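Notes for the structure review
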Amino acid sequence: MDIEVNYRNKKRYNTAKYPRRPTRFWIWMEYILSRIALTGKTYTVDTSAIEGLQAPYIILSNHMHFTDFELAAAGTYPRKVSNVVSFEGHVFRWFLIDWIGSITTRRFTFDLHLIKSIRKVLQRGDILCMYPEARYTPSGTASYIPDSVGKLIKMNKVPVVITKHHGNHLRAPFWDFRHKRKVPLHTVMKPVLTRQQIETMSASQISEVIRREMQYDDYRYQKKKGIRITEPFRAEGLHKLLYQCPHCGTEFEMGSQGAELFCNHCGKRWFWQEDGYLQALDGNTEFSHIPDWFEWEREQVRQQVERGEYCFTDEVDVYGLPRVWRFIHLGQGKLTHNPETGFTVEGIYRGKEYRLNRKPGQSCGLHIEYDYLAVKKRDCVVVSVENDSLFCCPTKPNQVTKLSLATDVIYQQYKMQKTKGAAQ
Ligand SMILES: [Zn+2]
């Protein structure tokens, strides 16, 4: 049973409300601000395939960086678009986010009103834009898209457009987003399902099409387009993603400097070439393609979970976000994660205990942040319930990528067991 945090102000931000319908002025304002933000970046937005398409329709987009919003706004202007925006996306800019017609939700929670708000936007004859992976890609490849996306499309019976951004991860990788690499950005908007197709398909068939169409790999894209990333610091931060050494198997002892990645345990080093591929300095390259290394780490986590060896406990620095205006520092707490009980955050704030829990079946993914500015540039994981989000910074170094992989693995196992249970 959850025990809420004893905040001084008990009010919570109400997400159970319909979004504003943006006026022409605010659509124009969003466009102008996006164009300003895109100044100095080399980008193209290909909208040729959706030229004649009449709203309402749903746009599903991959997610790599905040720039995705700016590129989408450039591609859809002057049409009326409501974006689904994560709760913390409002901090410092809630007024603007509200007036441009955004829908607010806490990531990886069950939000019934989100479904109602989406329906409302489409009934108004507008465009709904959402990021179904609900996270920035850490590896330049697609993350899991939940079954609920297929159900949502089936329910609303409007055409679906997929917006695929290329190069945004290469330019500003999530694990080192402050240091930009010189990479041209390319966005393509493409219709993938018509109203008639949706009528004849089941929700799971729709999900299958969406998952297939949303696949991408920014490193293969780099190779294909011959993009060379020459910045001498290009590997810095990569050890946050590639936290396990494939040579000696040690976790959390990887480091990076300049264009090199290395293991502080066994001393092995890899050079990150300008074409985006890795090369081991000893000549034995385990993984040259970064997403392959990342998937190997996922497999290691899966095996740990299956052997019953996976369990995470750490002291964490906790920041609460009950409302959108600011983070509240709650001090030290304890975070645990295991396949049986999921995530639990507990601590004491203003003399009273709090305890929030998310069971394995309640989260199909984990919201993580690297060097998150709002919590003093530290890595954190976010445990969200329906009316609060706790940003937890682990004491142990470099933990958040593994926690994210473990959440994915445990959710998939939960789903498999549930399917098996239903079949028996
Ligand atoms: Zn090693």
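Residues numbered from 1 in each chain as written. Predicted model: local features only at pLDDT ≥ 70, side-chain atom pairs only at ≥ 80, totals over all residues.

1. Here we look at the sheet that holds strand 9 (residues 260-263)
So the rule is basically this: Between any two strands, at least two bridges found by DSSP are needed for them to pair. Numbering of helices and strands starts at the N terminus; helices are DSSP runs of H or I of at least 4 residues and strands are runs of E of at least 2. As a rule, the C-alpha atoms of each element are fitted with a line to give its axis, helices using only the stretch in contact, and angles between N-to-C directions run from 0 to 180 degrees.
Across the sheet, four strands lie side by side as 8-9-10-11; this open sheet has antiparallel pairing. Looking at the sheet topology across the chains shown, the edges are occupied by strand 8 (254-257) and strand 11 (278-280). Here the average twist between neighbouring strands, direction ignored, is 25°. Of the pairings in the sheet, the one linking strand 8 to strand 9 comprises four bridges and is antiparallel in character. Each residue of the ladder has a partner; that of Ser-256, found in strand 9, is Leu-261.

2. Digging into the domain arrangement of the protein chain
Here is the rule: Residue ranges for the domains originate in an automatic or database domain assignment. Our contact criterion uses C-beta atoms placed from the backbone: two residues qualify when those atoms are within 7 Å. Nonpolar residues are Ala, Val, Leu, Ile, Met, Phe, Trp, Tyr, Cys and Pro. Charged residues are Asp, Glu, Lys and Arg, and all others, Gly as well, are polar.
Looking at the assigned domains, one finds that the protein chain contains domain 1 (24-225), domain 2 (238-306) and domain 3 (312-423). Listed per partner, the contact involves 11 residues of domain 2 and 12 residues of domain 3. Looking at the side of domain 2 that touches domain 3, the elements that each hand over two or more residues are helix 10 (238-241) and helix 11 (290-306). Top element by residues in the side of domain 2 that touches domain 3 is helix 11. It accounts for five residues. By residue class, the composition of the side of domain 2 that touches domain 3 is five nonpolar, one polar and five charged.

3. Regarding unusual backbone geometry
How we decide: Exposed residues have 12 or fewer other C-beta atoms within 10 Å of their own C-beta, buried residues have 20 or more, and partly exposed residues fall in between, where C-beta atoms are placed from the backbone.
Following Ala-55, the chain continues to Pro-56 via a peptide bond in cis, the omega torsion being 5°. Topologically, Pro-56 is positioned in the loop between strand 1 (43-46) and strand 2 (57-61). In this model, Tyr-77 is joined to Pro-78 through a cis peptide bond whose omega is 5°. Looking at the element boundaries, Pro-78 is found in the loop between helix 2 (67-76) and strand 3 (81-86). A positive phi angle, close to 55°, is found at Phe-108, a residue other than glycine. Its place among the elements puts Phe-108 in the loop between strand 4 (103-105) and helix 4 (112-123). You can call Phe-108 buried: it has 23 C-beta atoms within 10 Å.

4. Digging into the nonpolar core
When a protein is soluble and globular, its nonpolar side chains tend to lie buried together. To be explicit about the condition: Linking buried Ala, Val, Leu, Ile, Met, Phe, Trp, Tyr and Cys residues through C-beta atoms within 7 Å yields a set, and such a set is a nonpolar core.
By size, the foremost hydrophobic cluster in this structure holds 71 residues, and its most contacted members are Leu-128, Val-381 and Cys-392. A per-element tally of this core places helix 12 (residues 400-423) first, with seven residues. Not counting the four nearest positions on each side in its chain, Leu-128 is found in contact with Ile-58, Ile-59, Ser-82, Ile-118, Val-121 and Leu-122. Counting 24 residues, the second largest nonpolar core, distinct from the first, contains Ala-172, Tyr-219, Ala-235 and Tyr-243.

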